[in-house]
Amino acid sequence: VQLQASGGGLVQAGGSLRLSCSPSGRSFSRYTVGWFRQAPGKEREFVAAIRHSGGHTYYADSVKGRFTISRDNARTTVYLQMDSLKPEDTAVYYCAADSGIILSSIREARQYDHWGQGTLVTVSS
């Protein structure tokens, strides 16, 4: 499945952005969808994920309470609402999907087979 991520941009610290991730030609009904980010010179890190079954959500400690992952009822789009943004949130954000991830691996980028192209989020201080 091909993924399309959008919604990045430049925002001041304390501001908000909403990222969107959509699969081309299908829904996310059987996929766990995750958001990852990669800052310059750093490894890609887990941000949040939503399971296809039950819609349970998971967050990195660094974003818990500030970011919210959700999906629309038709399961055609997954959102990442980012509030109270900090300069350290600056990164390229990627959405990823996979149909066979087990819960213990949900934070591991290597477990996701399908990736979007990334969208840049820049938070100024």
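Residues numbered from 1 in each chain as written. Predicted model: local features only at pLDDT ≥ 70, side-chain atom pairs only at ≥ 80, totals over all residues. Heavy atoms only, no water.

## A few points about the packing of aromatic side chains
Then comes step 1: By the definition in use, this model includes five aromatic pairs.
Then comes step 2: Plain terms: the ring middles of F36 and Y112 are 5.2 Å apart, the flat faces sit at 75 degrees to each other, and that makes the pair edge-to-face. Placement of the pair is F36 in strand β4 (residues 32–38) and Y112 in the loop between β9 (91–98) and β10 (114–115), with a sequence separation of 76 residues. Across the pair, Y112 and F36 agree in class, each one buried. (Phe/Tyr/Trp six-rings, centres within 6.5 Å; stacked < 30°, edge-to-face > 60°. Helix = DSSP H or I, 4+ residues; strand = E, 2+ residues; numbered from the N terminus. Buried < 20%, exposed > 50% of the residue type's maximum accessible area, 1.4 Å probe, protein only.)

## A look at the pattern of salt bridges
Then comes step 1: All told, the structure shown has five salt bridges when counted by the stated rule.
Then comes step 2: The partner of R37 in a salt bridge is D89, with the nearest N and O atoms 2.9 Å apart. Of the two residues, R37 is situated in strand β4 and D89 in the loop between β8 (78–82) and β9; the sequence distance between them amounts to 52 residues.
Then comes step 3: With a relative accessible area of 5%, R37 lands in the buried category.
Then comes step 4: A salt bridge links K64 to D61, with the nearest nitrogen and oxygen atoms 3.3 Å apart. (Salt bridge = Lys/Arg side-chain N within 4 Å of Asp/Glu carboxyl O.)

## Here we look at the pairing of β8
Then comes step 1: Burial within β8 is extensive, with four of its five residues counted as buried.
Then comes step 2: Relative to β8, strand β3 (residues 17–23) runs antiparallel, the two being bridged by five bridges. Bridge assignment links S20 to a residue of β8, and that residue is Y79.
Then comes step 3: Relative to β8, strand β7 (residues 67–71) runs antiparallel, the two being bridged by five bridges. Paired with F67 across the strands is M82, a residue of β8. (Pairing = 2+ DSSP bridges.)

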